[in-house]
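Chain residues, written in single-letter form:
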Amino acid sequence: MLLRIGDKIVDRQKIHHTIDRILELRRDGLSQQDVAGQVGVDRTFVSRLETIGEIRKGGRVALIGFPIKNCQEIYDVARQEGIDFCLVLSDKERLDFVQTKSGVELFNTIMDIIANVRKYDIVIIIGSNMRIKLMETLLDKAVIGVQIGESPISEDKYVNPEDICALIRQLRF
């Protein structure tokens, strides 16, 4: 997709491809200087790019997700992998959560959850594109989004437990 910035036309796809290439070369063990030379950018650009996306390993991790079809499997993975806080709900559980509380009680409960989750170093959000973006804004910290659909999602979605396990292990080790 092309984007006009002043009198320039910028190719977003080329930018994304170049960033992907830089990260692949770094993952493969090349130094920042070697990658910069191969791709044709300054070494400081490679460093800054890594800093933008850096997530510290070994911190406290929370996992939140809805509407999930296989909640128990995701809870089991979270427990097995040492996740510090886990809240996953099916669509029915999500609706019950909202409908069984008064307005003030619901607001206070949601604020408590947000305050609690802000204490974690990394938060994994499994949900719609809109929910992920909202949580990134509310939490203002490392948020890893696992998108399971476009908003609004009106039915439970299956989440592959192996994918979640692999993601958690990448964050931990």
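(A) Region of interest: the overall build of the protein chain. On a plain count of helices and strands, the protein chain comes out with 8 helices and 6 strands. Order of helices (α) and strands (β) in the protein chain, N terminus to C terminus: β-β-α-α-α-β-α-β-α-α-β-α-β-α. On the principal axes, the C-alpha backbone points of the protein chain span a range of 60 × 40 × 30 Å. A total of 173 residues make up the protein chain; the buried ones form 32% of that total. Once local pairs closer than 6 in sequence are excluded, the contacts in the protein chain between residues at least 24 apart make up 49%. For the protein chain, the accessible area works out to roughly 11,300 Å², and carbon and sulfur atoms hold 52% of it. Counting 25 positive and 26 negative side-chain charges, the protein chain places the averaged centre of each group 4 Å from the other.

(B) View of helix α1 (residues 12–27). In a regular helix each residue adds 1.5 Å, so 16 residues correspond to 22 Å; α1 covers 22 Å between its end C-alpha atoms and thus fits that length. The N-cap of α1, judged by a side-chain oxygen 3.0 Å from the amide nitrogen of Gln-13 a few residues on, is Asp-11. With its phi angle positive at about 105°, Gly-29 sits one or two positions after the end of α1.

(C) Quick look at the pairing of strand β4 (residues 85–88). Where strand β3 (residues 61–65) lies against β4, 4 bridges are found, and the strand directions are parallel. Residue pairing in the sheet places Ile-64 in a bridge with Leu-87 of β4. Taken together, β3, helix α4 (residues 71–80) and β4 constitute a β-α-β crossover, and its handedness is right-handed.

(D) Layout of the nonpolar core. Leu-63, Ile-74, Ile-124, Ile-126 and Ile-164 are the most contacted members of the largest nonpolar core, which totals 22 residues. Residue assignment for this core shows that the elements contributing at least two residues are β3, α4, β4, β5 (122–128), β6 (142–149) and α8 (161–172). In terms of residue count, α8 provides more of this core than any other element does, 5 residues in total. Each residue touching Ile-124, except ones within four places of it in the same chain, is listed here: Val-61, Ala-62, Leu-63, Ile-64, Ile-144, Val-146, Leu-167, Ile-168 and Leu-171. Counting 12 residues, the second-largest nonpolar core is a separate cluster that includes Ile-114, Val-123, Met-135 and Leu-139.

(E) Here's a closer look at the side chain of Arg-94. Here Arg-94 is to be found in helix α5 (residues 91–99). In this view, Arg-94 contacts Phe-66, Pro-67, Leu-89, Arg-131 and Ile-153; residues no more than four positions away in its chain are not counted.

(F) Seen up close, the packing of α1 against helix α2 (residues 32–39). Put simply, α1 and α2 touch, their axes get as near as 10 Å, and they point 145° apart. Seen from above, α1 lies across α2 with right-handed handedness. Residue-level contacts link Thr-18, Arg-21, Ile-22, Leu-25 and Arg-26 of α1 to Gln-32, Val-35, Gln-38 and Val-39 of α2.

(G) Here's a closer look at the pattern of salt bridges. Taken as a whole, this structure holds 7 salt bridges when the rule is applied. With a closest N to O distance of 3.6 Å, Arg-27 and Asp-28 form a salt bridge. The class for Asp-28 is exposed, based on a relative accessible area of 52%. We note a salt bridge from Asp-76 to Arg-79, for which the minimum N-O separation is 3.3 Å.

(H) Fine view of the pairing of β5. Counted residue by residue, β5 has 7 buried out of 7 residues, so it is predominantly covered. In terms of strand pairing, β3 meets β5 through 5 bridges, oriented parallel. What sits directly across from Gly-65, in β5, is Ile-126. Across 7 bridges, β5 lies against β6 in parallel orientation. Bridge pairing in β6 places Ile-125 opposite Gly-145. Once you follow β5 into helix α7 (residues 129–139) and on to β6, the crossover reads as right-handed.

Reading the values: rules and limits
- Residues numbered from 1 in each chain as written.
- Predicted model: local features only at pLDDT ≥ 70, side-chain atom pairs only at ≥ 80, totals over all residues.
- Heavy atoms only, no water.
- Helix = DSSP H or I, 4+ residues; strand = E, 2+ residues; numbered from the N terminus.
- Buried < 20%, exposed > 50% of the residue type's maximum accessible area, 1.4 Å probe, protein only.
- Contact = heavy atoms within 4.5 Å.
- Areas by Shrake-Rupley, 256 points an atom, 1.4 Å probe, with all protein chains shown as cover.
- Lys, Arg positive; Asp, Glu negative; His and termini not counted.
- Charge placed at Lys NZ, Arg CZ, Asp CG, Glu CD.
- Expected span 1.5 Å × (residues − 1).
- Polar contact = N/O pair within 3.5 Å; in protein donor to acceptor, adjacent residues only side chain to side chain.
- Pairing = 2+ DSSP bridges.
- Right-handed = clockwise from strand over helix to strand, strands pointing away.
- Core = buried A, V, L, I, M, F, W, Y, C linked by side-chain atoms within 4.5 Å.
- Axes fitted to C-alpha atoms, helices over the stretch in contact; angles between N-to-C directions.
- Left-handed = near helix turned anticlockwise from the far one by under 90°.
- Salt bridge = Lys/Arg side-chain N within 4 Å of Asp/Glu carboxyl O.

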